[in-house]
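This is what each chain is made of:
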Amino acid sequence: MINEKLPKIWYGGDYNPEQWDADVWAEDIRMFKLAGIDVATLNVFSWALNQPDENTYNLEWLDETIDRLYQNGIYTCLATSTGAHPAWMAKRYPDILRVDAQGRKRRFGGRHNSCPNSPTYRLYAPRMAAKLAERYKDHPGVLIWHVSNEFGGYCYCDNCAAGFRTWLQDRYGTLDALNKAWNTRFWSHHFYDWEEIVPPNELSEEWGGGRTNFQGISLDYRRFMSDSLLECYKLEYDEIKKHTPHLPVTTNLMGTYPELDYFKWAKHLDVISWDNYPSLDTPVSYTAMVHDLMRGLKQGQPFMLMEQTPSQQNWQPYNSLKRPGVMRLWSYQAVARGADTVMFFQLRRSVGACEKFHGAVIEHAGHEHTRVFRECAALGKELQKLSDRILDARVQAKVAIVFDWENRWGIDLSSGPTVALDYVKEVHKYYDALFKLNIQVDMVGVEQDLSGYDIVIAPVLYMVKDGYAQKLEAFVQTGGTFLTTFFSGIVNEADLVTLGGYPGELRELLGIWAEEIDALLPEQRNQLVMKQPFKSGQQAYECGMLCDLIHLEGAEAVAEYGMDFYKGMPAVTKHAYGKGTAWYVATSPEPAFLTDLMNELCAEKGIQPVVKPTDGLEVSSRTKSGETIHFLLNHRAEPVTAELDGNAYMDMLSEQTVAGSVEVPARGVVLLASSQA
Amino acid sequence: MINEKLPKIWYGGDYNPEQWDADVWAEDIRMFKLAGIDVATLNVFSWALNQPDENTYNLEWLDETIDRLYQNGIYTCLATSTGAHPAWMAKRYPDILRVDAQGRKRRFGGRHNSCPNSPTYRLYAPRMAAKLAERYKDHPGVLIWHVSNEFGGYCYCDNCAAGFRTWLQDRYGTLDALNKAWNTRFWSHHFYDWEEIVPPNELSEEWGGGRTNFQGISLDYRRFMSDSLLECYKLEYDEIKKHTPHLPVTTNLMGTYPELDYFKWAKHLDVISWDNYPSLDTPVSYTAMVHDLMRGLKQGQPFMLMEQTPSQQNWQPYNSLKRPGVMRLWSYQAVARGADTVMFFQLRRSVGACEKFHGAVIEHAGHEHTRVFRECAALGKELQKLSDRILDARVQAKVAIVFDWENRWGIDLSSGPTVALDYVKEVHKYYDALFKLNIQVDMVGVEQDLSGYDIVIAPVLYMVKDGYAQKLEAFVQTGGTFLTTFFSGIVNEADLVTLGGYPGELRELLGIWAEEIDALLPEQRNQLVMKQPFKSGQQAYECGMLCDLIHLEGAEAVAEYGMDFYKGMPAVTKHAYGKGTAWYVATSPEPAFLTDLMNELCAEKGIQPVVKPTDGLEVSSRTKSGETIHFLLNHRAEPVTAELDGNAYMDMLSEQTVAGSVEVPARGVVLLASSQA
Amino acid sequence: MINEKLPKIWYGGDYNPEQWDADVWAEDIRMFKLAGIDVATLNVFSWALNQPDENTYNLEWLDETIDRLYQNGIYTCLATSTGAHPAWMAKRYPDILRVDAQGRKRRFGGRHNSCPNSPTYRLYAPRMAAKLAERYKDHPGVLIWHVSNEFGGYCYCDNCAAGFRTWLQDRYGTLDALNKAWNTRFWSHHFYDWEEIVPPNELSEEWGGGRTNFQGISLDYRRFMSDSLLECYKLEYDEIKKHTPHLPVTTNLMGTYPELDYFKWAKHLDVISWDNYPSLDTPVSYTAMVHDLMRGLKQGQPFMLMEQTPSQQNWQPYNSLKRPGVMRLWSYQAVARGADTVMFFQLRRSVGACEKFHGAVIEHAGHEHTRVFRECAALGKELQKLSDRILDARVQAKVAIVFDWENRWGIDLSSGPTVALDYVKEVHKYYDALFKLNIQVDMVGVEQDLSGYDIVIAPVLYMVKDGYAQKLEAFVQTGGTFLTTFFSGIVNEADLVTLGGYPGELRELLGIWAEEIDALLPEQRNQLVMKQPFKSGQQAYECGMLCDLIHLEGAEAVAEYGMDFYKGMPAVTKHAYGKGTAWYVATSPEPAFLTDLMNELCAEKGIQPVVKPTDGLEVSSRTKSGETIHFLLNHRAEPVTAELDGNAYMDMLSEQTVAGSVEVPARGVVLLASSQA
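Residues numbered from 1 in each chain as written. Chains lettered and ligands numbered in written order. Predicted model: local features only at pLDDT ≥ 70, side-chain atom pairs only at ≥ 80, totals over all residues. Heavy atoms only, no water.

### Concerning the relation of the copies chain C and chain B
Superposition record for chain C on chain B: RMSD 0.0 Å, screw rotation 120°, translation along axis 0.0 Å. Those values place the two copies in the arrangement expected of a three-fold rotation axis. Across chain C, the rotation axis passes nearest the C-alpha of Arg104(C), at a separation of 5.3 Å. (Least-squares fit on C-alpha atoms with pLDDT ≥ 70 in both.)

### A closer look at the packing of helix α14 (residues 423–436) of chain C against helix α17 (residues 591–605) of chain C
All names here are of chain C. At their nearest, the axes of α14 and α17 sit 9 Å apart, and the two run at 60° to each other. Here the hand of the crossing between α14 and α17 comes out right-handed. Here Lys-429, Tyr-430, Ala-433, Leu-434 and Lys-436 of α14 come into contact with α17, specifically with Pro-591, Leu-594, Thr-595, Met-598 and Cys-602. Grouping the amino acids of the contact of α14 with α17 by side-chain chemistry returns 7 nonpolar, 1 polar and 2 charged. (Axes fitted to C-alpha atoms, helices over the stretch in contact; angles between N-to-C directions. Helix = DSSP H or I, 4+ residues; strand = E, 2+ residues; numbered from the N terminus. Left-handed = near helix turned anticlockwise from the far one by under 90°. Contact = heavy atoms within 4.5 Å. Nonpolar A, V, L, I, M, F, W, Y, C, P; charged D, E, K, R; others polar.)

### What to know about the pattern of salt bridges
Considering all chains together, one arrives at 127 salt bridges over all chains under this definition. Of the charged contacts, one joins Lys574(A) and Glu604(A) as a salt bridge, the two residues approaching to 4.0 Å between their closest N and O atoms. Linking Lys574(A) in strand β20 (residues 570–577) with Glu604(A) in helix α17 (residues 591–605), this pair joins segments that are 30 residues apart in sequence. Here Asp100(B) and Arg106(B) are joined by a salt bridge, their closest N and O atoms 3.7 Å apart. Look at Asp100(B) and you get buried, because its relative accessible area is 10%. Put simply, Arg171(A), Asp220(A), Arg223(A), Asp404(A), Glu406(A) and Lys465(A) are held in one network by salt bridges that share partners. (Salt bridge = Lys/Arg side-chain N within 4 Å of Asp/Glu carboxyl O. Buried < 20%, exposed > 50% of the residue type's maximum accessible area, 1.4 Å probe, protein only.)

### Focus: the packing of aromatic side chains
Throughout the structure, instances matching the rule amount to 105 aromatic pairs over all chains. For the pair Tyr93(C) and Tyr124(C), a centre-to-centre distance of 6.2 Å together with 45° between the ring planes defines the contact as tilted. Of this pair, Tyr93(C) sits in the loop between α4 (87–92) and α5 (119–136) while Tyr124(C) sits in helix α5, and the two are 31 residues apart along the sequence. Residue Tyr93(C) is classed as partly exposed on the basis of its relative accessible area, which comes to 25%. Consider the rings of Phe151(C) and Tyr233(C), whose centres lie 6.2 Å apart with planes at 85°: the pair is edge-to-face. In this pair, Phe151(C) sits in the loop between β4 (142–146) and α6 (158–172) while Tyr233(C) sits in helix α8 (residues 215–243), placing the two residues 82 residues apart along the sequence. A relative accessible area of 6% places Phe151(C) in the buried class. What links up through ring pairs into an aromatic cluster is the set Phe108(A), Tyr156(B), Phe164(B), Trp167(B), Trp182(B), Phe191(B), Tyr221(B) and Phe224(B). Arg348(A) extends its terminal NZ or CZ atom over the ring of Trp20(A), reaching a point 5.3 Å from the ring centre. (Phe/Tyr/Trp six-rings, centres within 6.5 Å; stacked < 30°, edge-to-face > 60°. Lys NZ or Arg CZ within 6 Å of the ring centre and 35° of its normal.)

### Thoughts on the UniProt feature "binding site: Zn(2+)" (unreviewed entry) in chain A
Residue and element names in this part refer to chain A. This chain's UniProt record puts "binding site: Zn(2+)" (unreviewed entry) on Cys-115, Cys-155, Cys-157 and Cys-160. Maximum C-alpha separation among the annotated residues is 7.9 Å over a sequence range of 46 residues, consistent with a single clustered spot. Of note, Cys-155 is situated in the loop between β4 (142–146) and α6 (158–172). The residues touching Cys-155, leaving out its near neighbours within four places in the chain, are Arg-98, Val-99, Cys-115, Pro-116, Cys-160, Tyr-221 and Met-225. The class of Cys-157 is buried, set by a relative accessible area of 6%. Leaving out residues up to four positions away in the same chain, Cys-157 has contacts with Val-99 and Cys-115. (UniProt positions renumbered as here; feature names shortened; annotations may be inferred.)

### What about the domain arrangement of chain A?
All names here are of chain A. Along its sequence, chain A is organised into domain 1 (1–13 + 26–35 + 272–392), domain 2 (399–604) and domain 3 (617–673). Computed from C-alpha atoms alone, the centre-to-centre distance between domain 1 and domain 3 is 21 Å. Between domain 1 and domain 3, the residue contacts involve 26 residues of the former and 20 residues of the latter. Interface area for domain 1 against domain 3, summed over the two sides, is near 1,900 Å², with a carbon-plus-sulfur share of 58%. The three residues of domain 1 that bury the most area against domain 3 are Leu-329, Ala-336 and Arg-389, which together make up 34% of that side's buried surface. Counting across the interface, domain 1 meets domain 3 through 3 salt bridges. (Domains from an automatic or database assignment. Buried area = accessible area lost by both parts, 1.4 Å probe.)

### Things to note about the UniProt feature "domain: Beta-galactosidase C-terminal" (unreviewed entry) in chain A
Taken from the UniProt record, the annotation "domain: Beta-galactosidase C-terminal" (unreviewed entry) applies to residues 616–671 of chain A. For residues 616–671 of chain A, the end-to-end C-alpha separation is 16 Å, with 0% helix and 71% strand making up the annotated structure.

### A word on the sheet that holds strand β8 (residues 252–253) of chain B
Residues and elements named next belong to chain B. The parallel open sheet is built from 9 strands, whose spatial order is β7-β4-β3-β2-β1-β11-β10-β9-β8. Strand pairing shows two members of the sheet lacking a second neighbour, β7 (249–250) and β8, which therefore form its edges. Of the strand pairs in this sheet, strand β1 (residues 10–14) and strand β2 (residues 39–42) are connected by 3 bridges, and their pairing is parallel. Looking across to β2, one finds that Gly-13 is bridged to Ala-40. (Pairing = 2+ DSSP bridges.)

### Topic: the interface of chain A and chain C
At the junction of the two partners, chain A supplies 55 residues and chain C supplies 51 residues. Applying the counting criterion to the chain A and chain C interface returns 4 salt bridges. A salt bridge links Asp564(A) to Arg323(C); the nearest nitrogen and oxygen atoms lie 2.8 Å apart. Counting across the interface, chain A meets chain C through 29 residue pairs in polar contact (both at pLDDT 80 or more). (Polar contact = N/O pair within 3.5 Å; in protein donor to acceptor, adjacent residues only side chain to side chain.)

### Brief notes about the environment of Arg92(C)
Residue and element names in this part refer to chain C. Relative to the assigned elements, Arg-92 resides in helix α4. Relative accessible area serves as the criterion here: at 41%, Arg-92 is assigned to the partly exposed category. Between the C-alpha atoms of Arg-92 and Asp-227, which are 135 residues apart in sequence, the distance is 26 Å. Dropping the residues within four chain positions of it, Arg-92 is found in contact with Pro-52, Asp-53 and Glu-54. Of note is the side chain of Arg-92, whose polar atom sits 2.6 Å from the side chain of Glu-54.

### Notes on helix α13 (residues 405–413) of chain A
Residues and elements named next belong to chain A. Counting buried positions along α13 gives 8 out of 9 residues, so the element sits mostly inside the fold. Listed as buried for α13 are Trp-405, Glu-406, Asn-407, Arg-408, Trp-409, Gly-410, Ile-411 and Leu-413. Where α13 is buried, its residues touch β6 (211–212), α8 (215–243), α9 (262–266), α10 (284–297) and α14 (423–436).

### Some thoughts on the sheet that holds strand β11 (residues 339–344) of chain A
Residue and element names in this part refer to chain A. Strand order in this open sheet of 9 strands is β7-β4-β3-β2-β1-β11-β10-β9-β8, and the pairing throughout is parallel. Looking along the sheet, the strands with just one partner apiece sit at the ends: β7 (249–250) and β8 (252–253). Here 4 bridges tie strand β2 (residues 39–42) to strand β3 (residues 75–79), and the two strands are oriented parallel to one another. The residue bridging Ala-40 from the neighbouring strand is Thr-76, located in β3.

Okay, structure coming up:
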C-alpha cells in the first residue's frame, strides 16, 4: 500500500488554492466533500511564492492549506515546487536558464525550465525540498512526496558541456576508449583532449530535431541528460529522506516520454506515478500499453494515476470533451492495469494563463451543477465503496513485451534505412494484437527476469546490450517462446554494428542470417505468403516498411515474401532452440497477421483469456490474496455482451452473481470478482 | 474633403524618380498626363539618399521633383522616408536594429526594420519629418503627409524590454496589480521587481509564432508594441503639425494586419489610408469587408486607397495578372465603400531588387502601348469626369459588425479549445452573408456609438471590455437586435476568465448559460436542427469547429443540435430583452444558415437592399447632400442583369436614365444616382 | 587518358582502412582482388588522424596503405583529407567554424564545416596538401589527387563579410558602381562606405532559405561564396602542382548542386569527377542529363564517376536496395555518357556513425557471399575485359542545351512571378524530350562555342550575360536553330531588367515582344492550339505555370493560347533569322508537346537516332578513332527489343555480330561497336 493512512483508492488531484482568494477555499472544501475527494496535490508550482529571495521562505499559506484539508479529511500529496524557478532567480543567477537545441540561451519563462547542471538549481532546489521535509515531517496530513513536476527538457549550456565531459570520463575512462566507442576516425572526429568535446545540438552534430552525424555522441548525450535530470531528482529525494524516511517519494512520469530512461529512473522512485493524457485519436490499447509500461517500471508494483483531465485538455489542437462516462471508464482502465489512485489535473480550473481551458473538477461555473462535477462525484462514491479491496492487487501475465529507452534512442537516431520506423508504434502493434485477444501483457525492461513468462516479444531489438542475447538464449533454452523482428541485433550499446551478419548476437538463437534490408516507399507493400496458414488464418497478408532478406540457418520458414526480387525468401521464421522456440518476423505486417500469430503462440502455451475477445471490450485482471478481479471495460457507445468462461463471478458494483455472460453498458464498466486466481 | 486643392477622386500612386536618370523624368510626366494622374506619392524610401550622415540633408532632388510635378498639374503626397533606415545609421547606431522573435539581433537589411524604442530612431526619424515639414510647408504642390510606410514588425531588444517595463508601470501602477492581472501564481511566475520582466518571445514565453504560456504577458506585449510603433508615428506627426497644421497627415495601413490596433491608431490619423492587395483567391466580399473596416476606423469618414497594383504583385506565390477590367472594377469597389482616392503602387516599375516584378502603371516596356497603361488611362479619364460628385459622400448602414484587435489577440493567443478558430474568418462569415444579401454593413470598433444601428453583430466576442456588456444591454433594451456567438463573454481585458458561467458578462443579456465547449475534429460535423425553419430556409444545417453546450435561462431555442450526446440541446437562441432581441449562435454554421438567419433578422427590421441579390453582383451605396449613388459591381466574367427597386436612376457613366433593371457588363460597373437617400 | 598507368576503366572507390584494425586489411586485399578492384580513394576524412596538432603530421599509416595496395596491384586516388577539420583546430582557432545562414556561430561537428575565408583553414589545408604532395610525389601507386571532398556550404562570419567587401571592390571598383548594380535607391539601401555592407542572410536580407529583398546582393554573395570555396580548392591545387605537375588533380562534384558555379570551377580541375546518388524516384533521364552536364563542364572531356553506392544509401527517407542488375546498369549509364571510371562509396561499410547503413562493396557480413559483392565482382571482370577500348572516346552531339548556374541563381532568387518555376526541372523537361527520342545532347555553359551544333536550346534564359545575345544571333545567322522559352531575356548579369520590353536583348533574334507574364495557380492550365499540327502530333496540348503574352514582331505563330483572355495570342513562335530559325515557347508545355517539337526540330536538321525510340531503353554513344560504341541500356524489368538502323554491329560483351534488332535483357546492357562514326 502506498501509504496505509488512506487505505483505499486515492481520489483527488492537483489543487492550487494559492491562485485564489480566501473566500474560495471554504467552497473548495465543500465541493471536495461532495465529490468524495480525499487527496490533494499541493505546491506544484509555488516556488516563486514560497521563496521571494535567496534566504526567505514563506510557507504559511502551505501550513494553513495542509491543516485545513486535513481537518476536513483530505490528505496532501506534497510537491516540492521546483518544477519552475522564480523570475528573480533567473535574473540573478542566469546559469539556471537553459541553452536550447538551437544553441540559444533562454530567458525567464515557461516551466520545466531549469538547467539540470546549473549550480544554482542544484543548490536551491534540494534546499527547498529540505525545508519542506523538515517543516512537514510530522504532519499527519502528508501522505506522499511529489518531487518537482514532469521532469524533462534538455540543455546544452557550458555547465552541461562540462558535466558531459565528466560523465564521459566516468563512462569511458580514456579518450582512446571514447574515440573507439564513437568511431571517431569517421569524418575526422578524433578527440585529443576532453575539452574538445561539445554537446551535440543544431550548432554541432544534430539537425531537424534529432537527426545526427554521430549516433554515439548523440546517444550518450541522451543518457547524460536523463542522468542529469535524475541527479536533480535524487538530490531532492535524499534531502526528503533525511527527514521522512518512511514517507514514499515519487515524481510524475509521462508514459512513453522520449527523453528519459524511465527504467533507470524507476529504481529511485518509491512508487511510480504518471500523467495520462490520451488524445482524441489515441487508440484505447495504446493507453492500456502505457499503463502496463508504467506498472512494469517497478516489476508490477501498483502505481499512481497522478493526473488525468476530468473533461478536456487545452494543449491539443482540437480539445474535445470526454463523452459522458468516458472519464469513469478511463479511470477504471488505469485501475484495471495497476493504478491504486485516480487523480486529476486539476481540482479547480485556473482563471488565467495557458491552462485556463483545461478541464477541472470544479469548472469556471464554480458550482456542482455541471455534468463534469456530477460524473466526478459519482465516481468518488464508487471508489469509497470499493475501499481497499483492489489495493496492492497484482496483474499476472504470462506474456512479456520488451521496451527499452536506449534501444529507442538508437533507432530514432539512426540514419537509414527508413524514416518510417517508429519504435513505440511498432511495439504497440504487437501489444495491440494481444490486447484484442484479451491476453494480459507485462511491459518489461531489459533487466527484467524472464523466468516467469511463457512468451517474450522484443519488437525491433536493434540494440542488444551486454549479456542480453545470453539471457534470451537461456529463456528459450528452458522452453520459452521468444519473438523478435526485422532490424534487430544490429548494434551494441555504443551503437556500433555487430559485424559478421545480422541479426548479430541473436543470429544463433534465431537460426537465420539477414543479408540485406530493403526499405519500401510509404505506398509500397509486399506480401507474407504462409507456408501453412494459421488456424482460421489467411493464406497471405500484407507487409511493408522494411523487409529483411533472410537466409535460413537452422530456422524453418513460416511465411515467405510474395513479391519483388526476393519473392520466395523467408519472411517469418521459427527456430527450435533447446526446449523453446525463437521467432523472427522479418518485416512489418498488417495487424491481422499479428493477431493470428499471437493467437497461435498463446494457444501453443495454453494461454487463454477469461472473456472471449469482443470488439471494443477491454479486459484486465488484478489478483490479491487468492481473489482475482476482472475489469470489463466497454469502449463502445453501445452495450456489449461479454461471454465468460465457465465460472461464476461476483459483480462488485451491482453485487449480483453472474455466470455465462454479462452485459457491459455503453462506455460502462463491470468488475467481476473471483476467488480463482 | 481630404484637401480642397484637388476636389476630385485623387488618381496616382507611388513614384520613385530618384531610382531613374533625369532623361526618364520628362517621359514620366508625359505619360502621367496621358493617364490622368494628378497625385504622386514621393519620398517613401529615400532616407539613405536624403541623409548621408548625422547632419547632412540632401533634399534638392525632392525640391525639383515636387516642383516639376506641380508645374505639370500633379500634386504630391509627401512621405517622410523613415520606413527604412540608412545602412550608415545601422552601422554607427546598432540600437536601431531590431531583435526578432527568435531573440536574434538583426543586421542591416530589408525595410520596416527599425526598433520602435531605439533612441536613434526616435531622434532621427522625427527630425527628418521636421526638416521636410519646414522645407515644404509653403509648397502649393503638397497635398498631404504620408508618415513612414506600412508600420509594423515587433522588436524584443533591451530597449524594448525597458520600454515594456515602463509601459507596464503606467498600466498597472504596482507589481501586485500586474501579478494579479497576469495570474502569475500560475507556474511560479510571481514578479518581485519590474526588472525581472522580459519580453515574451521564443526565448521566454512564446513559440511557434504566437503560442504562449502566459496570455496576459503576450497580450500586453502586443498592446505595448502597437503603442510603441504608434508613438513613433506620433513623434513625426507632431513635428509635421508644428509647421503645417492645416495639411492632413496619414500613414498607410494594411487592412486586417494583425500587429497593430488600428482603432487606437485611427484617432491619430487625419485621414485613413490603406494598401489593398487581395490575392487571387481572396473572396470579393473579404475585400469589401476590409474597405468597410478601414472606413469604420474613423466612424465612416471617407478614406484613401493609397496602394493597389495595376496588374500583378510579386510577393504572392502565384502572381496572376488582374484580368482586363478587374483593376477598374476593384478601384470602384474601393470608391463604392468609401474611398476618395484611387492610387497605385507604383507609377513606374523598378529595374532591380525585389519589387521589379510588381506591376506598375508604366511597365518595363516603358511606353503607353500596353494593356495595363490603357486601362489606367481609361480609368483616369473616368475619374476626371466624375469630378467631386462622390467626394465626402457617406455610406449609410443599419447593420454593424463589431471588430476588435485586442479581442483578436486574445483569441489568437488562447491555448485551447481549438486551433481551427480564426477570428477574422469567423467575422467574415457573417459579413459575407450580409454581402450576398446586398445589405450595407458598417465595421465598427467597441467604442462605436451603437444608437444608429438596428442590428449589431459581434462574432466570437471572447473578450468583453469594461462597460461593453452594459453598452450592448442598453442597445437591446431600446429595441436593437444583437447577435453574438460561441466562445463569447469568456474573459476581461486582462484575459482573465469571468467566473460563474459562460458567457460571463453577456449571460443576462443572452439569457443562456454555456456549460461546456466541445471542440470538433476538422472532419467532424454536427447539425443545427431548426425548431421552425426560417422562411424558405432549410429544416437543418451543418455546423462544426466549436459547439457550446448551453442551457436556456430565459432565451428561447431557435435551433438545437442534431447529433452526439448533446443532441437536443439548444444551438441557436434568441432572447427577448427590453424592446429588443439578443441572439446566440453556439457553433460555427455553414454559410447557408447565416444567409437565412441574416435575411430573417433584416426582414424583422425592414432592412431591404436596393438591388435584388444576384450571384457575383456587389452593391454598395454612398450618399451626399440628398443624393445617393449606388455602385453595381459585376465580379463575373459574363454580364449580369441587376433588378432594381421601383425607382428610376441616372446611370452616371452612360448618362442614361434607367429603371426596373440594368445590365452590368462582365467585370463592369454601373453607377446609379438617385436623389432618394 | 586520366592517367596512363591504369589504361582501363578504373574500378574501385572510397577506402578507409584507418577505421579498422590491421587484421581486416589482408581480408580487404583478398576481396578487392576477387572484385577486380584496381583503385582505392584514400585519406578523405583523416585530417584529425593525420595531424594531432599544429606541427605534427602522422602519415605512416598512409605510407603503409598506399604501399600495401600498390604491392597488390591497386592504385591510389589520394585525397588531401581537408574536407573536415580536426576538433582541436576548432577549439584553438574558432575562426575555422562557420556562421550559418541564421547567423549562428557553429561549434565543432559534422563535415564540410570550415569557413572558406578562415585564415586558419587557408593556412593548414594547403599546408596539408603540400605535405602529402611532397611525401608521395614519387610513389608509383598514386594515380590522381582528390582535393578535399564535395566542396559546399556557405558561411556568413565576419571574415567572410570582410572578404565579401574586398571581392566587391574588385568587381565594382567604386561604391557608385555597386550602388547602381544593386539598385540601392530602392528601400533606402545606398551605401556610403564599404564597411556598411553585411552578408545577406536571415539576419539581414534573406529569409526562408533563399528568398531575398535584394537580388543583386544575394546573387553576388553566391558568386563570392562559390569563388571563396574555389579559392580554397586552388590553394591546395597549387601546392600539389608544385610537387607533382604531371599528376591530374580533381575534386568530386555533385551534379546539379546549387551552391557552386561548376563551369567556373571546371577550369581549375584537370579532370571532372562526380558523385552520383539518384533517389528511388529520380527519373533515369535526369541522371543521364547530369552525366551529360558533368561531361559538358570540360567541353566533352571524359569524367570520373567518383562515387555511387553499390546497393542502398542511408540519408534518403526510404533507402531502397538497388534491384539486381541496377548497379551494373547505372554504371554503364555513366560510361555511356562519358565516364572513364566506375567507383563506389565505399569499399567497406563502416561500423559506426551516420553512414553505417550506406551500402558498400564489402558489407557488414564481411565476406564475399552476398548479392552485392557478387554483382560488384561480375562488373569488375567485365570492365577488365573491356580494357582501354572505351577510354577517351567522345560523345558526339548535334544538339546542345544551355545550363548556367548564375542564371539559375537569378531565377531562384526572383521575387515573382511564380514560386513554381524550377530552372533545373524546366531544363530537364527539354532534355527528357530529346532523351526519349534517343537524341544525343551536350549540356553546355554560356562560354561554349556553338558552331559545332545544329540546335541550341536555352530554357528560361532569364539572365542574358554580356555578349551572349550576339553569340546566339551569330549562331542562328549562320543556320542554327535556337530555342528559348518564357521568362527569358529579362535581366543582365546584375539582375537589372533590360528595359524596353521583354525578352530584352533576345527580342530581335526572336522577333517577338512579351508584354505581360501571367502566373497560373498550380491546378490551372491553358492550352497550346497548333496553327498546324506537327507530323503525327496533336491539335492541342496543355500548358501552365507561366504564360507570356506575346506579340509578333517578325516571328510566325506556331501555336496560340486556347483559353482565357489571351486566347488567340501566340504561344509558340518561330522566327526566320539569317539562315537559321529562332523559336520561342511562351509557356511551360506538357511533355508530349516537347517530344513532338523536338522531333520536328531534329527532323528539320536531319538528326536521327541509331536505335528507334523505345520506352525504357536508353541509348548513348561514344566514339574514338573512327569506332563508335552504342550503349543500349534497358531500364525496364522485362527484356526489350531494340530496332537498329540498317547497319551491322559487334556486340562487345557477347562478341556476336548483330543487325536489324537486338534483345536487351531486363535491366541489361548491350554495347554495340561500329566503325561508322
